[in-house]
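# Architecture and fold: a report
So you can see what is in the structure, the chains are spelled out below.
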Amino acid sequence: TAERKTRAQAPKPMSFEDIGGQERAKRELKEALDFLIRAEDIQRLGIRPLKGILLTGPPGTGKTLMAKASAHYTNSVFLAASGSEFVEMYVGVGASRIRDLFKEARTRAAKENKESAIIFIDEIDVIGGKRDGGQHKEYDQTLNQLLTELDGIHTADAPRILIMGATNRKEMLDSALLRPGRFDRHIEVDLPDKKGRLHILNIHAKNKPLADNVNLEAIAQETFHFSGAQLESLMNEAAIYAMREESDFIGQQHLSLAVDKVMLGEKTDRESTK
Ligand code: ATP
């Protein structure tokens, strides 16, 4: 019955300092999260509670990291699920999984003595896609259950529950999800600019021995259009090149090879899906 696949949560708390670049997104997100923290004031002033935050942007830009950091920032329990888990489920199973997710959030908050819970749903477009006359009956039920849960959240509830959804296809979402009082706060998590790329490279270089000749700024300069995930992968590939050469340090030459490797890898991926 309760065969749930909620992903095990990382024990290491992720904080906003561990996320490179994305300064605007982090600022906007923290502002929104203050609504969760200042719940008494919100209630006193009769402000509608914040229920849903939508993180939008290309893959690998740190949306999942943002959701985890949000839980850390607000001292909330964190639960995660992905829209793709709901694909090909029997009718009704998706809906009951959503119900379980909310139930588990409340139980865990009580058990861990936390005042709030954040439920993160990655690829929310899979369940919240535009409805087209009942063709996707199962997704409709799942989506309806999600809407019911969202509508059932009240300011005075304990624990306070916040849903964070992530998508890279915002235009695909059903407008019912985006109505005021549902996912009405949208935060764009875009590809990093040069400064952001440098920040991300530095974060992922922290536990790595870099040679004196390394110029991460030059790497940030030539990795236009790289996502955070690609930059993380670049640092890792560079370390592998260094190991192959039996080198104690990661040098600029290893980083340059890794830039090419990640770029080429992307191209091959794209070609193979043609
Ligand atoms: P997807 O849409 O594919 O689920 P996402 O936007 O949720 O992607 P994450 O899962 O948060 O991306 O990022 C994947 C990995 O890439 C992270 O675990 C991290 O190593 C690295 N990464 C991505 N963005 C950043 C960032 N801004 N700062 C540091 N690391 C990052």
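Residues numbered from 1 in each chain as written. Predicted model: local features only at pLDDT ≥ 70, side-chain atom pairs only at ≥ 80, totals over all residues. Heavy atoms only, no water.

As annotated in an unreviewed UniProt entry, the chain is Vesicle-fusing ATPase from Paenibacillus mucilaginosus 3016. For the chain, the Subcellular location (unreviewed entry) comment in UniProt is given as "Membrane". (UniProt positions renumbered as here; feature names shortened; annotations may be inferred.)

So, on to the overall build of the chain. Of the regular secondary structure elements, the chain holds 11 helices and five strands. Going through the 274 residues of the chain one by one, you find that 46% of them count as buried. Intrachain contacts of the chain at a sequence separation of at least 6 include 79% that bridge at least 24 residues. As presented, the chain carries roughly 14500 Å² of accessible surface, and 51% of it is formed by carbon and sulfur atoms. (Helix = DSSP H or I, 4+ residues; strand = E, 2+ residues; numbered from the N terminus. Buried < 20%, exposed > 50% of the residue type's maximum accessible area, 1.4 Å probe, protein only. Contact = heavy atoms within 4.5 Å. Areas by Shrake-Rupley, 256 points an atom, 1.4 Å probe, with all protein chains shown as cover.)

Taken together, 16 residues surround the ligand, and among them Gly 20, Gly 60, Lys 63, Thr 64 and His 204 come closest. Backbone polar atom of Leu 65 to an oxygen atom of the ligand: 3.1 Å apart, as the coordinates give it. Look at the ligand: alone it shows 620 Å² of surface, and the protein chains cover 78% of it. Secondary-structure elements contributing two or more residues to the shell around the ligand are helix 3 (63-73), helix 8 (194-205) and helix 10 (228-244). A class-by-class count of the residues in the shell around the ligand yields five nonpolar, seven polar and four charged. (Near = heavy atom within 4 Å. Polar contact = N/O pair within 3.5 Å; in protein donor to acceptor, adjacent residues only side chain to side chain. Nonpolar A, V, L, I, M, F, W, Y, C, P; charged D, E, K, R; others polar.)

Take Ser 247: it is sitting in the loop between helix 10 and helix 11 (252-272). Placed 36 residues apart in sequence, Ser 247 and Ala 211 show a C-alpha to C-alpha distance of 9.7 Å. Once residues within four sequence positions are removed from consideration, Ser 247 is found in contact with Ala 242 and His 254. Here Phe 249 takes part through its backbone oxygen, which lies 2.6 Å from a polar atom of the side chain of Ser 247.

Counted according to the given criterion, the structure contains 11 salt bridges. A salt bridge links Arg 24 to Glu 28; the nearest nitrogen and oxygen atoms lie 3.4 Å apart. Pair noted here: Arg 24 and Glu 28 are both in helix 1 (residues 23-37), with a separation of four residues, about one helical turn. Take Glu 28: its relative accessible area is 26%, and that puts it in the partly exposed class. Among the ionic pairs, Asp 125 bridges to Arg 169, the shortest N-O distance being 2.9 Å. Of the two residues, Asp 125 is situated in helix 5 (residues 125-128) and Arg 169 in the loop between strand 4 (160-167) and helix 7 (175-178); the sequence distance between them amounts to 44 residues. (Salt bridge = Lys/Arg side-chain N within 4 Å of Asp/Glu carboxyl O.)

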